[in-house]
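Observations on the three-dimensional arrangement
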Amino acid sequence: MALLPLSGTFLGDVTTVGVVVDDEDTAEAVGQKIAHHAVGRRVAARTAPIRVRLGGRVLDPDEIIGRTGVSPYDHVEVFFDE
Amino acid sequence: MPKLSRSDWYDLARDMNWTFGYVNEADVFPEELSGTGRVPPEAWLAWDEPYKISYREYVHNQVTKDTTTYSLKNAVGRSKLFDQLDPGWKSVVVAHYGAIAMPEYLASFGEARMGRFGRAAAWRNTATFGTLDEVRHGQIQTFFPYGLLGKEPRGDWALKAFHTNNWITLAVRHLFDDMFVANDALSVAIQLTFTLETGFTNLQFLGMAADAIDVGDLEFGSLISSIQTDEARHAQQGEPTIKVLIDNGHKEYGQFLVDHMFWRAWRAFALLTGLSMDYYTPLDSRKMSFKEFIQDWVVKQFADQFRDYGLDFPWYWDEFINELDWYHHAIHTVVWNYRPSVWWNSDAGVSPKERQWLEEKYPGWNRAFGKHWDVLTENVRTGNLAETFPETLPVACNLCQLPIVRAAGVLAGAHTDPAPLRHVHNGRVYQFCSEPCRWIFTRRPERFAGHKSITDRLWTGDINPPNIGGVLAYMGLSEAEHGVDADNYAWANGKH
């Protein structure tokens, strides 16, 4: 259990936001934490699942973020999987 | 006894030089303060300012300008003119005072540094007048908003802003520390007076004064005009400085200094002038879009004047031109979203008529940016205002300190990857909004590496509690000072 600062961009948004997640969070939880700052605020909500891309690889929703090789301040891309 | 005409004594009085006998050159003009050592001392004798003025003439001119400007202020202060101004224009004025009044005073440090460490006597003479100009600009631009306090308490941000860690202040202070507070005399001449003042602000102040008169803000128009005429004079210091540098074989270094500061000036302009011209100025008073202003004035000026001296367009010119279509629109969306964090009332500027104007001036605006405003508008209309406010910070660029909006660049077709650009220096990760910002940092990392962006401060525990309430308190904003929507959301409810 450790705090993990990340920068995240929800595709379709205008800006990249700073978030602090838990390194035990799943990719699904990380995606939701970043989507919280964009979807329904500047990006229109959709019913599609939300996915996370790290270093060009789309993470499995159950993957633990701290075990993906991520480092503090890394950037993740979050998007609707349609 | 008849007085000599100015031309009979000017050069002799101006060129006060002597040969050092008790100290050496490096003691008198240390390179870190002067920056002129690339060129031999005798070559600096060619430095000549195009527009000459004596101290007697200077004082006469300034007294006349001050008398006119202060008289007008007194007359306008007794009227209801300010109350009648468009809310968006009031935002232009309040934003301007907070962001610019103190830097004008700080610019007197840069002018004074040229007045002492400029290598030509003529340059030191001109810079002495420039020092007096900037002290005046700092004073007049804190005094005028002081007169607004009864109507707009945040007029005191003219003085206060630079003593806070507000995110706009961080960006502006970082820029001006780089440009003139912590810069050598040669670089101040090329980066402040040539790149910023000749390249951008001298022209902008002309336009801004005209806009002020057009919207009925006679006081601000008169103030800006009185400053612009000083700027036009002391901005001349850049031209002879770059000429001496280039004539002595150092074009490459001059080009580096211009490239460095042109980009930074562009970033500040996109933030302050971009939002003012395209979103805050009332639609009826907009004579041109921000993009047209930059194209017609700044780009043309650079092409005509800078290239006359043998300078090339900066290496990132295409990126700069491309950004005219999208960058300030993205920054505007962020500033409005983070409106409690700025000391002025952000004007959304997206009523149906204004959106039509934006689409006309920036074809594709609706596709790239209108869709965000659709979501924001819907939240306002349905009373879901909480969703129009932020709960975390955007990631700020470690050079320009502004939010990283490469994601908007992707929407505008300018980038393919929204990820911030990175650089690791001494084990620390730095993030950037653009290649030019990263280039400026990596050319002289020791100059910038110690600074923390607002996001770094949140991440590393400087801001407590680490939430948006803690952020606003850290930025020096009391609740009464939080910016609100300038039009009380009339644009969203079809009442605009």
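Calculation criteria
Chains are numbered independently. Their residues run from 1 in the order of the written sequence. Each chain is given a letter, starting from A, and each ligand a number, starting from 1, according to the order in which they appear as written. Owing to the predicted nature of the model, reporting of local features is limited to residues with pLDDT of at least 70; listing and counting of side-chain atom pairs is limited to 80 or more, with chain, interface and lining totals taken over all residues. Think of the side-chain values as coming from all heavy atoms in the structure, minus any hydrogens and water. UniProt positions are given in the numbering used here, feature names are shortened, and annotations may be inferred rather than shown by experiment. Secondary structure elements follow DSSP: runs of H or I of four or more residues count as helices, runs of E of two or more count as strands, with numbering from the N terminus. Only C-alpha atoms enter the radius of gyration; for comparison, a globular chain is expected to reach 2.2 Å times N to the power 0.38, where N is the number of residues. Note on classification: 1.4 Å probe, protein chains only; a residue is buried when its accessible area is under 20% of the maximum for its type, exposed when over 50%, partly exposed between these limits. Any two residues having at least one pair of non-hydrogen atoms within 4.5 Å are treated as being in contact. In these tables, accessible area is a Shrake-Rupley quantity obtained with a 1.4 Å probe, and a residue counts as shielded only by the protein chains included in the view. His residues and chain termini do not enter the charge count, which takes Lys and Arg as positive and Asp and Glu as negative. Charge positions are represented by NZ for Lys, CZ for Arg, CG for Asp and CD for Glu. By buried area we mean the combined loss of accessible area, with a 1.4 Å probe, across both parts when two parts are placed together. When a carboxyl oxygen of Asp or Glu lies within 4 Å of a side-chain nitrogen of Lys or Arg, that pair is called a salt bridge. Polar contacts, as counted here, are pairs of nitrogen or oxygen atoms within 3.5 Å of one another; within protein the pair requires one atom able to donate a hydrogen and one able to accept it, and residues that are adjacent in sequence qualify only if both atoms are side-chain atoms. Pairs were defined over the aromatic rings of Phe, Tyr and Trp, the Trp ring being its six-membered one, requiring ring centres within 6.5 Å. Orientation was assigned from the angle between planes: stacked under 30 degrees, edge-to-face over 60, tilted for the rest. Note: two strands are recorded as paired if DSSP finds a minimum of 2 bridges between them. What is meant by a nonpolar core is a set of buried Ala, Val, Leu, Ile, Met, Phe, Trp, Tyr and Cys residues, joined one to another through side-chain atoms within 4.5 Å.

Labelled according to an unreviewed UniProt entry, chain B appears under the name propane 2-monooxygenase, originating from Protofrankia coriariae. Chain B has a UniProt comment under Catalytic activity (unreviewed entry) that states "propane + NADH + O2 + H(+) = propan-2-ol + NAD(+) + H2O".

Looking at an unreviewed UniProt entry, one finds chain A named Toluene monooxygenase and attributed to Protofrankia coriariae.

Topic: the overall build of chain A
For chain A, the helix and strand inventory stands at one helix and five strands. Reading chain A from its N end, one meets helices and strands in the order β-β-α-β-β-β. For a compact globule of 82 residues, the expected C-alpha radius of gyration is about 12 Å, and chain A comes in at 12 Å, within 12% of that figure. Within chain A, the fraction of its 82 residues that count as buried is 55%. The contacts in chain A between residues at least 6 apart in sequence include a share of 63% that link residues at least 24 apart. Looking at chain A as shown, the accessible area adds up to about 3400 Å², and 52% of this sits on carbon and sulfur atoms. Charge-centre separation for chain A: the mean point of 8 positive side chains lies 5 Å from the mean point of 13 negative side chains.

Details of the interface of chain A and chain B
Size of an interface, as often reported, equals the accessible area lost when the parts are brought together. Tallying the contact residues gives 26 residues for chain A and 34 residues for chain B. Taken together, the two surfaces of chain A and chain B that pack against each other cover about 2200 Å², and 56% of this comes from carbon and sulfur. If you sort the residues of chain A by the area they bury against chain B, A:Val14, A:Arg41 and A:Tyr73 come out on top, with a joint share of 33%. Counting across the chain A and chain B interface gives three salt bridges. For A:Arg41, the salt bridge is made with B:Glu391, and the minimal N-O distance between the two is 2.4 Å. On the surface where chain A and chain B come into contact, there are 14 residue pairs in polar contact (both at pLDDT 80 or more). For the side of chain A that touches chain B, the secondary-structure elements that each account for two or more residues are β1 (3–10), β2 (17–22) and β5 (75–80) of chain A.

A look at the environment of B:Lys361
Residues and elements named next belong to chain B. Considering the arrangement of structural elements, one finds Lys-361 in helix α17 (residues 352–361). In this structure, the C-alpha to C-alpha distance between Lys-361 and Ile-227, residues 134 residues apart in sequence, is 30 Å. Setting aside residues no more than four positions away along its own chain, Lys-361 makes contact with Ser-289 and Glu-292.

Side note on the packing of aromatic side chains
Residue and element names in this part refer to chain B. Here the structure, examined in full by the defined rule, presents 45 aromatic pairs over all chains. Ring centres 5.3 Å apart and planes at 35° place the aromatic pair Phe-302 and Trp-317 in the tilted group. With Phe-302 in helix α14 (residues 290–306) and Trp-317 in helix α15 (residues 317–323), this residue pair connects regions lying 15 residues apart in the sequence. Between the aromatic rings of Trp-315 and Trp-439, the centroid separation amounts to 5.4 Å while the plane-to-plane angle is 70°, which identifies the pairing as edge-to-face.

Regarding the sheet that holds strand β3 (residues 50–54) of chain A
Strand pairing within a sheet occurs via backbone hydrogen bonds; the two strands may be parallel or antiparallel. All names here are of chain A. Taken together, five strands build an open sheet; the order of strands is β2-β1-β5-β3-β4 and the sheet is mixed. Among the strands making up the open sheet, the edge pair consists of β2 and β4 (57–58). The pairing of β1 with β2 spans six bridges and is antiparallel. Looking across to β2, one finds that Leu-6 is bridged to Val-19.

Thoughts on the nonpolar core
One finds B:Trp123, B:Trp266, B:Ile294 and B:Phe320 to be the most contacted residues of the largest nonpolar core, which totals 146 residues. The element that contributes the greatest number of residues to this core is helix α13 (residues 251–280) of chain B, accounting for 17 residues. Counting residues in each nonpolar core, the second largest holds 23 residues, with A:Val17, A:Val21, A:Val30 and A:Ala38 among its members.

With respect to the side chain of B:Arg113
Residues and elements named next belong to chain B. Along the polypeptide, Arg-113 turns up in helix α6 (residues 87–117). No salt bridge is formed by the buried Arg-113. Its closest oppositely charged neighbour is Asp-184, at 8.2 Å. Residues in contact with Arg-113, not counting those within four places in the same chain, are Leu-33, Gly-118, Phe-180, Val-181, Ala-182, Asn-183, Asp-184 and Ala-185.

Focus on the environment of B:Glu49
Residue and element names in this part refer to chain B. In this fold, Glu-49 is placed in the loop between α3 (31–34) and α4 (55–77). Classification of Glu-49 as buried rests on a relative accessible area of 0%. Between the C-alpha atom of Glu-49 and that of Arg-422, which follows or precedes it by 373 residues, the distance is 43 Å. When near neighbours in sequence (up to four residues on either side) are disregarded, Glu-49 contacts Tyr-10, Arg-14, Ala-122, Thr-126, Gln-236 and Pro-240.

Brief notes about unusual backbone geometry
Here B:Asn464 and B:Pro465 are connected by a cis peptide whose omega angle stands at -5°. Mapped onto the elements, B:Pro465 comes out in the loop between α22 (454–459) and α23 (468–474). The phi dihedral of A:Tyr73 falls on the positive side, at around 75°, and the residue is not glycine. You can see A:Tyr73 is positioned in the loop between β4 and β5. Despite not being glycine, B:Asn488 shows a phi value in the positive range, around 50°. Locating B:Asn488 in the fold gives a position in the segment after α23.

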